[in-house]
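Chains, contacts and geometry: an overview
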Amino acid sequence: AQRVTQPEKLLSVFKGAPVELKCNYSYSGSPELFWYVQYSRQRLQLLLRHISRESIKGFTADLNKGETSFHLKKPFAQEEDSAMYYCALKSRGNKLTFGTGTQLKVEL
Amino acid sequence: SQTIHQWPATLVQPVGSPLSLECTVEGTSNPNLYWYRQAAGRGLQLLFYSVGIGQISSEVPQNLSASRPQDRQFILSSKKLLLSDSGFYLCAWSAREHTEAFFGQGTRLTVV
């Protein structure tokens with residue numbers, strides 16, 4: 001069975017501080033991993049995917065197969081980063097599983 | 001371009017009444033379709049997903065069912081609603097592997 005774990009329900013940081021949102025997964029095959037974000041009063045939307053190895057809005061995430069992790073990082077938090085962040089895993093059978101989410105709050 | 005429509009946006013139903021939430025996708029063919037329930041502290045719980053017409057995978061035992069009568073239509077149903085069915089329901093679609101999922105606006109269901 002596939003599972004995504006986000007241990008933190010709420011993460012509060014000051015503006016300019018580094019951010020790391022944790023995500024661990026369990027899956028027997030080769031996973032496709034994503035980070036989704038939901039800003040206030042907006043639809044859930046894709047932030048980034050591991051296969052692209054890109055930086056979006058200053059965020060990056062590296063897949064660590066040894067630790068089965070896909071943590072989301074940003075060196076300097078901005079106020080507009082405040083949102084709900086979900087880690088997600090897509091299996092070869094197209095099943096898309098989400099974690100419980102982490103609410104990021106960036107304080108001034 | 002592709003779009004996803006989900007309705008209604010809000011719904012108040014009495015206990016024991018039936019439910020039908022509809023989701024349709026435009027601008028693509030043979031999408032993967034998903035129903036989720038979003039709850040504070042519980043994240044996005046996958047309820048059902050479908051990779052083709054008539055193919056439904058159920059993830060959690062519950063009072064709900066799903067159907068896919070057409071390629072781009074996904075329906076969430078219940079014969080008799082329970083109070084515990086209250087929540088925020090999201091429909092999503094994706095193309096085949098290695099692509100993102102796109103979400104509808106969601107339906108806020110309140111069972112009274």
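The structure we're discussing is the one just above.
Attention in this report is confined to the structure presented alongside it. (Residues numbered from 1 in each chain as written. Chains lettered and ligands numbered in written order. Predicted model: local features only at pLDDT ≥ 70, side-chain atom pairs only at ≥ 80, totals over all residues. Heavy atoms only, no water.)

One finds A:Trp35, A:Leu47, A:Leu48, A:Phe70, A:Leu72 and A:Tyr85 to be the most contacted residues of the largest nonpolar core, which totals 24 residues. At the level of secondary structure, the elements contributing two or more residues to this core comprise β2 (10–14), β3 (19–21), β5 (32–38), β6 (45–49), β9 (83–90) and β11 (102–107) of chain A. The leading source of residues in this core is β9(A), at four residues. In this structure, B:Leu11, B:Val60, B:Ala66 and B:Trp93 belong to the second largest nonpolar core, which totals 21 residues. (Core = buried A, V, L, I, M, F, W, Y, C linked by side-chain atoms within 4.5 Å. Buried < 20%, exposed > 50% of the residue type's maximum accessible area, 1.4 Å probe, protein only. Helix = DSSP H or I, 4+ residues; strand = E, 2+ residues; numbered from the N terminus.)

Turning our eyes to something else, we now look at unusual backbone geometry. Residues B:Trp7 and B:Pro8 are joined by a peptide bond in cis, for which omega reads 0°. Secondary-structure assignment places B:Pro8 in the loop between β1 (3–7) and β2 (10–13). Not every positive phi belongs to a glycine, and A:Thr68 is a case in point at roughly 45°. Mapped onto the fold, A:Thr68 is located in the loop between β7 (60–61) and β8 (72–74). A positive phi angle, close to 55°, is found at B:Asn30, a residue other than glycine. Note that B:Asn30 resides in the loop between β3 (19–26) and β4 (32–39).

The calculated volume of the largest pocket comes to roughly 210 Å³. Contributing to the lining of the largest pocket are A:Gln38, A:Tyr39, A:Ser40, A:Ala83, A:Met84, A:Tyr86, A:Gln103, B:Gln38, B:Ala39, B:Ala40, B:Phe88 and B:Arg108. The set of elements that each furnish at least two residues to the lining of the largest pocket consists of β9 of chain A together with β4 of chain B. Of the residues forming the lining of the largest pocket, the biggest block, three residues, is contributed by β9(A). Of the residues in the lining of the largest pocket, the class split is seven nonpolar, four polar and one charged. Computed from the structure, the second largest pocket encloses a volume of approximately 170 Å³. In terms of lining residues, the second largest pocket is bounded by A:Ala1, A:Gln2, A:Arg3, A:Val4, A:Ser26, A:Thr97, A:Phe98, A:Gly99, A:Thr100 and B:Arg42. Elements that contribute at least two residues to the lining of the second largest pocket include exactly β1 (3–5) and β10 (96–98) of chain A. Taken together, the residues of the lining of the second largest pocket sort by class into three nonpolar, five polar and two charged. (1 Å grid on protein atoms, 1.4 Å probe; cavity = no way out; pocket = protein on both sides within 12 Å on 5 of 7 lines; lining within 4 Å. Points joined across faces, edges and corners; volume = space filled by probe spheres on them. Nonpolar A, V, L, I, M, F, W, Y, C, P; charged D, E, K, R; others polar.)

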